[in-house]
Amino acid sequence: MSLTVNGQTHDATPRPGQCLRTFLRELGWFGVKKGCDAGDCGACTVHLDGRPVHSCLVPAFRAEGRAVTTVEGLGGPAALHPMQQAFLDAQGFQCGFCTAGMLMTAACLDQAQRNDLPNALKGNLCRCTGYRAIGDAIAGLNHVEAEPFGGPCGHNLPAPAGPGVITGKARYTMDVAPEGALSGLLHMKILRSPHASARIRAIDARAARALPGVVAVLTHEDAPDRHFSSARHEHTTDDPDDTRVLDPVIRHIGQRVAAVVAESEAVAEAACRLIEVSYDILPAVFDPEEAMQPGAPVLHDKPASSRIANAGRNIAAELHGEVGNVERGFAEADLVHEAVYRTQRVQHAHLETHGCIGGYDTDGRLTIRTSSQTPFLTRDALATLYDLPRDKVRVFTERVGGGFGGKQEMLTEDIVALAVMKTGRPVKLEYSRPEQFASSTCRHPMRITVKVGAKRDGTLTAIAVRILSNTGAYGNHGPGVLFHSAGESIALYRCPNKKADGYAVYTNTPPSGAFRGYGLSQSTFAIESAMDEVARKLGIDPFAFRRLNVVQPTDPIQSAGHAEDDLFFGSYGLDQCLDLAEKSLERAPAPDLGPDWLIGRGMAASMIGTVPPRGHRAECRIRLAPDGTYELSVGTAEFGNGTTTVHGQIAAAMLGAMPAQIRIRQSDTDVVTHDTGAFGSAGTVVAGAATRLAAEALAGAIRNYASAYAGVEHAACRLFGGEVVAGKCRIPLSELADAARRDGRELSGIGSTNGTPRSIAFNVQGFAVAVHCRHGEIRILHSVQAADAGFVINPMQCRGQIEGGVAQALGAALYEELLVDEEGRIANPTFRGYHIPTFADTPLTEVLFAETTDRIGPLGAKSMSESPYNPVAAALANAICDATGVRLRETPFTADKLYRLVLDANQTRADAPAMTDIAGNNAAFPPEG
């Protein structure tokens, strides 16, 4: 058939049943993305005869004789489409994976549709931005500073990848043609378990292997008999070794049973259906409290070397700590509050699913192109797992389409590496959206009991928490998330008596993992809700209660868990954050919506260490290129966190240059020796610090060489733009680079950091809400977050990180929930069944920055990628309680739950003074609100 794509005629025949999305990508138009293949996300939007369509829903044959436009044909570098330019000017993207589809929709909007973006953009999802920047782009607002005054840092400079993102030229993991090194590319599909708990008795793959096009079928007999953790940390001993590449013991529905490698995805899928598996079904347990009881099914019977805390009780990790004496503290209290708070499973829902492509390079090295936040740690894990020298393994990423902690795992690379070694050919594995929801990881569901004692004047006397964390079938990140949940959420408060007990428990459910906040979002919801309850019982304003009790810069940083001796107040902006948020809420509108609407306001605070504990290493290298520009090599990955922009700004500041003069290579184990990874918000404060050191070293080397070259004192040499001012002469950097080359030298610098000492960042969230007393509907009237981010290197970008974090947290607070049925199966494995925030759902959040400069972070900066998420759910619950008198102690706050509770509370008030919480318990205090 013949069709025209971006003005080019293609004569090609689609396969039977092939959709337009995959057909266009096979023709080389990689701006068309895969986000769902169900018409839910809009990442694949193209124009068909000028009208936007979701190409995953259009049969390819329907494009015959028609004109197709992808983002590559919307405009180009020489003549951008006005909407592409608008997205550049407003920086209406972060990871950029959704941007091509968003642009294709936005480019077709008429004025009426632009005035109704919640409806016009309902078919396009973005997980990163919080949508404000997208709305600004469509409105034609410009946030980019072209020529900043006073140096590159502290200004709204654009992302270097921006032009590639808005033209479709930026390459993500799967955006590579099967040519050259990928000639003979094979495709993998995974056969997954239908049972939550079983042992494989036998696998008959004869029919599958006989299917034409099948190259290999891999089972546990082909995989190494070695346990590891899919979690990636600097220290491999941080997580229990409880996972195998392919395991004969099944612990959750969706676990790998076998892998088929074939000439096409269709053949691989067909072969999976031909594999016959005999199972011995075993008892399963889904509730963590039940899993800890005597007689419960044991998921992992492993030796102590696996570092499972108590395998017989299904405890992957446990925590017990006390400061002071909490029993004495409760005895001294005038008021004691105790309640249970629950948080649910939440999926990361990054639009780019997990996947990788593996093969051998021309030197015979195992090479993995992957969507990962941790390429170096993944390389090391593969080398260990398969007994390979590290220099025989290369792992790299292109641009990563979102992560949020979900890609701090090795979920595809291990099985692809096995297939490459078995077949000798390149192999590709890409998760479908249902696989992403049911077979990757999620946020740890938690059940947290909080007990707080306080004097009548509001002074805290004791805090005790018991944390029960459901780590699922495997313990990846179970210990770290548990320990972190009992850390800064408790350390935020100065209190002489603190106690924490915690358990990360195995169940026969899909594994939990790293998720934005890393345990703090769950515990902050519990503790900040409890503090609000205490303040209201005592009749103390929530802001005043925080000011009375929060930690001060002269206090020790003291939780009730593990000690963190390298954590300091590099700067302190919590007082400013409280003031900024309070004043913003005072300015919030108080509309008269009628008698059915109840109005309330609430707030919550949080703090977080700016770097993960126990070391986070990064190395950066920079050199003067022959053309007088700079080549910066960093190990950290870019997935919408904006570190690439910040690294360019930091390097430029040290070299007296503009960021446009800095070319960056990143997230490749070939470019530097090590980088722990882009997680824990370490991209700026760790890798950025290494960039600063490397750039400083290069600046010194250039000045030293220029001094000798020009015959002037070193003090007379300074870098400015593309030259060195050496006394009275100006030497172009290209001339200096050429001279150094002739002398057999390269002007370069290396910087490395180990992530310690660490500083503290703060966030305060406030909401004004309206709640419909008969329908349970929640309207957010005002949202504000005040952040102590130290010196903000790129305010526009940092604001976007906060807005995206608030939006994601609102989804988790209001409706997102990964549902597990009574058999342990994920019941809503699609975007249609799992609701993430759309443009219509997401309120504008006012972002306010405290004015601080950190003495630890590079140029005074702190991290601000995951911390904005943490106080949101509690602030919203507190606002709802202020409006209705109903205390919500379980997320999500769905309208049906709230509707029933408000009705019950109103009826209860009519009958007797009591309060109902979301769990249906009677509280010991009179009603709130």
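Residues numbered from 1 in each chain as written. Predicted model: local features only at pLDDT ≥ 70, side-chain atom pairs only at ≥ 80, totals over all residues. Heavy atoms only, no water.

Asks: Any chance you could explain the side chain of H674 here in plain terms?
Replies: You can see H674 is positioned in the loop between β24 (662–666) and α22 (682–710). Within the structure, H674 has its side chain in polar contact with the side chain of E234 (distance 2.9 Å). Not counting residues within four places of it along the chain, the set of residues in contact with H674 comprises E234, F376, L377, R379, D380, R617, A618 and E619. (Helix = DSSP H or I, 4+ residues; strand = E, 2+ residues; numbered from the N terminus. Polar contact = N/O pair within 3.5 Å; in protein donor to acceptor, adjacent residues only side chain to side chain. Contact = heavy atoms within 4.5 Å.)

Asks: Please explain the sheet that holds strand β21 (residues 597–609) as it appears in this structure.
Replies: Sheet strands associate in pairs through backbone hydrogen bonding, adopting either a parallel or an antiparallel arrangement. Pairing is mixed across the open sheet formed by four strands, whose spatial order is β21-β29-β30-β31. The open sheet has two edge strands, β21 and β31 (845–849), and neither has a second partner. The sheet shows a mean angle of 15° between the axes of neighbouring strands, direction not considered. Across 13 bridges, β21 lies against strand β29 (residues 760–772) in antiparallel orientation. Across the sheet, the residue bridging to M603 is G766, located in β29. (Pairing = 2+ DSSP bridges. Axes fitted to C-alpha atoms, helices over the stretch in contact; angles between N-to-C directions.)

Asks: Can you help me understand the pattern of salt bridges in this one?
Replies: Pairs may arise between side chains of opposite charge once their charged atoms sit close together. Taken as a whole and assessed by the stated rule, the structure comprises 63 salt bridges. Between K189 and E269 there is a salt bridge, with its nearest N and O atoms 3.8 Å apart. Taken together, the positions of K189 in strand β6 (residues 186–192) and E269 in helix α10 (residues 265–274) put the pair 80 residues apart, joining distant regions of the chain. Since its relative accessible area comes to 35%, E269 is described here as partly exposed. Here R779 makes a salt bridge to E777, at a shortest N to O gap of 3.2 Å. A residue is classified by how much of its surface remains accessible, and R779, at 37% relative accessible area, is partly exposed. (Salt bridge = Lys/Arg side-chain N within 4 Å of Asp/Glu carboxyl O. Buried < 20%, exposed > 50% of the residue type's maximum accessible area, 1.4 Å probe, protein only.)

Asks: Hey, could you run me through the packing of aromatic side chains in this one?
Replies: Each aromatic ring pair is summarised here by two numbers: the centre-to-centre distance and the angle between the ring planes. Under the counting rule described, the total for this entry stands at 11 aromatic pairs. Note on F569 and Y572: the rings are 5.8 Å apart at their centroids and 75° apart in plane angle, and the pair reads as edge-to-face. Put simply, the rings of Y341, F525 and F893 touch in pairs and so form one group of aromatic residues. Its guanidinium or amino end placed over the ring of Y431, R192 lies 5.2 Å from that ring's centre, counting from NZ or CZ. (Phe/Tyr/Trp six-rings, centres within 6.5 Å; stacked < 30°, edge-to-face > 60°. Lys NZ or Arg CZ within 6 Å of the ring centre and 35° of its normal.)

Asks: I tried to follow the environment of V285 on my own but got confused; where do I start?
Replies: Within the secondary structure, V285 is located in the loop between β11 (276–281) and α11 (288–291). The class for V285 is buried, based on a relative accessible area of 5%. Through-space distance from the C-alpha of V285 to that of T507 is 5.6 Å; in sequence the pair is 222 residues apart. Apart from residues lying up to four places away in sequence, V285 is in contact with E290, A291, P297, L299, T507 and N508.

Asks: Before we go on, may I ask you to explain the side chain of H155 in this structure?
Replies: In this fold, H155 is placed in the loop between α7 (132–139) and α8 (162–167). One polar contact links H155 to E145, side chain to side chain, over a distance of 2.8 Å. Within the structure, H155 has its side chain in polar contact with the backbone oxygen of G151 (distance 3.4 Å). Beyond its immediate chain neighbours, meaning those up to four positions away, H155 contacts E145, P148, F149, Q649, I793, N794 and P795.

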